[in-house]
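Results of the structural survey
Below are the chains, spelled out letter by letter.
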Amino acid sequence: MKKKRLVVCRMLWIRTIQKLDYTAVDRLLMQLHQLDVAGRPDRFATADHYMSRESFELLLENENVLTFLAQERTTIVGCCFVSLLERNEGTPTKTAYIDLLVVDEAYRRKGIGKALFQAVRKQARRLHAQNVELMVWSHNEVAVKAYESYGMMPQRSIYEISV
């Protein structure tokens, strides 16, 4: 299979995720998971892996899932998984829903998340999606600020109370 590459800047490449990227992607996703465990221990349990290799490979085979991987030279520094959704909440809408977007802690605030986000928007336009959506936990203030800096705006709020 030919790898699709997009040059973002001189040393950063955005490409699709491959099966051989499992270990590096799992390392990145575990950084996000650890943040979630710390922020919401009532919702997230500690784990050795974010997802099994089998689940990872099934995601890569799903034609309704887009994957993006940020690589600086030989180091994988970020990744993103996007689901293509057809919704009919009054008006039929094709949505590119960002399930996961994570940048390695050591590489944050260098434009990598923005590069991944721009790649998602570009691909969403090519696929005739009307919008890009995502959900972010309120304890992840860094991500909230980043998404707002990309021009995203809150769409709705979800409230909860323990019973």
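Our structure's up above, just so we're on the same page.
All of the points below concern the structure found in this document. This one's a predicted model, so the numbers in the text were calculated from it and none came from an experiment.

Things to note about a positive patch on the surface
Side chains of Arg121, Lys122, Arg125 and Arg126 sit close together on the surface and give a patch of like positive charge. In this structure, arginine 126 sits in helix H3 (residues 112-126).

A few points about the pattern of salt bridges
Pairing is possible between side chains of opposite charge, provided their charged atoms come close. The full count for this structure, using the stated rule, is five salt bridges. We note a salt bridge from arginine 15 to aspartate 21, for which the minimum N-O separation is 2.9 Å. Judged by relative accessible area, arginine 15 falls into the buried class, the value being 5%. Glutamate 61 serves as the salt-bridge partner of lysine 19, at 3.2 Å between the closest nitrogen and oxygen. Here lysine 19 is found in the loop between strand E2 (12-15) and helix H1 (22-39), whereas its partner glutamate 61 is found in helix H2 (residues 53-61), with 42 residues between them in sequence.

Let's talk about unusual backbone geometry
Phi is positive for arginine 109, close to 65 degrees, though the residue is something other than glycine. Arginine 109 sits in the exposed class, given a relative accessible area of 87%. You will see that histidine 128, though not glycine, has its phi angle at about 65 degrees, which is positive. You can see histidine 128 is positioned in the loop between H3 and strand E6 (131-134).

Considering the nonpolar core
Within the largest apolar cluster, 26 residues are counted, with the highest numbers of intra-cluster contacts made by Phe68, Cys80, Val82, Ile112 and Leu116. Those elements that provide at least two residues to this core are E2, strand E3 (65-72), strand E4 (75-88), strand E5 (92-103), H3 and helix H4 (141-149). Looking at which element gives the most residues to this core, the answer is H3, with seven residues. Excluding residues within four positions of it along the chain, phenylalanine 68 makes contact with Ile14, Arg15, Ile17, Gly78, Cys79, Cys80, Val82, Leu116, Ala119, Val120 and Gln123. Core analysis: the second largest hydrophobic core is formed by 15 residues, Phe56, Val65, Leu69 and Ile76 among them.

Things to note about the state of the cysteines
The full count for this structure, using the stated rule, is zero disulfides. No disulfide involves cysteine 79; its sulfur sits 7.5 Å from that of cysteine 80, the nearest cysteine.

So, the packing of aromatic side chains
Counted under the stated rule, the structure contains five aromatic pairs. With centroids separated by 5.5 Å and ring planes inclined at 80 degrees, the aromatic side chains of phenylalanine 44 and tryptophan 137 adopt a geometry described as edge-to-face. Note that phenylalanine 44 is positioned in the loop between H1 and H2 and tryptophan 137 in the loop between E6 and H4, a separation of 93 residues in sequence. Classification of tryptophan 137 as partly exposed rests on a relative accessible area of 24%. Their ring planes at 75 degrees and their centres at 6.1 Å tell us that tyrosine 147 and tyrosine 150 sit as a pair that is edge-to-face. Since its relative accessible area comes to 12%, tyrosine 147 is described here as buried. The structure contains a cluster of three or more aromatic residues connected by ring pairs, namely Tyr22, Phe56 and Phe81.

Considering the pairing of E5
Alignment of E4 against E5, held across eleven bridges, turns out to be antiparallel. Directly across from valine 82, in E5, lies its bridge partner isoleucine 98. Here E4 hands over to E5 after three residues, with glycine 90 in that stretch at a positive phi of 105 degrees. With four bridges joining them, E5 and E6 adopt parallel strand pairing. Paired with isoleucine 98 across the strands is leucine 134, a residue of E6.

Rules of the game
Residues numbered from 1 in each chain as written. Predicted model: local features only at pLDDT ≥ 70, side-chain atom pairs only at ≥ 80, totals over all residues. Heavy atoms only, no water. Patch = residues over 30% accessible without salt bridge, like charges linked within 9 Å, V, L, I, M, F, W, Y side chains within 5 Å. Areas by Shrake-Rupley, 256 points an atom, 1.4 Å probe, with all protein chains shown as cover. Salt bridge = Lys/Arg side-chain N within 4 Å of Asp/Glu carboxyl O. Lys, Arg positive; Asp, Glu negative; His and termini not counted. Charge placed at Lys NZ, Arg CZ, Asp CG, Glu CD. Helix = DSSP H or I, 4+ residues; strand = E, 2+ residues; numbered from the N terminus. Buried < 20%, exposed > 50% of the residue type's maximum accessible area, 1.4 Å probe, protein only. Core = buried A, V, L, I, M, F, W, Y, C linked by side-chain atoms within 4.5 Å. Contact = heavy atoms within 4.5 Å. Disulfide = S-S within 2.5 Å. Phe/Tyr/Trp six-rings, centres within 6.5 Å; stacked < 30°, edge-to-face > 60°. Pairing = 2+ DSSP bridges.

No statement about biological role is implied by the geometric values presented.
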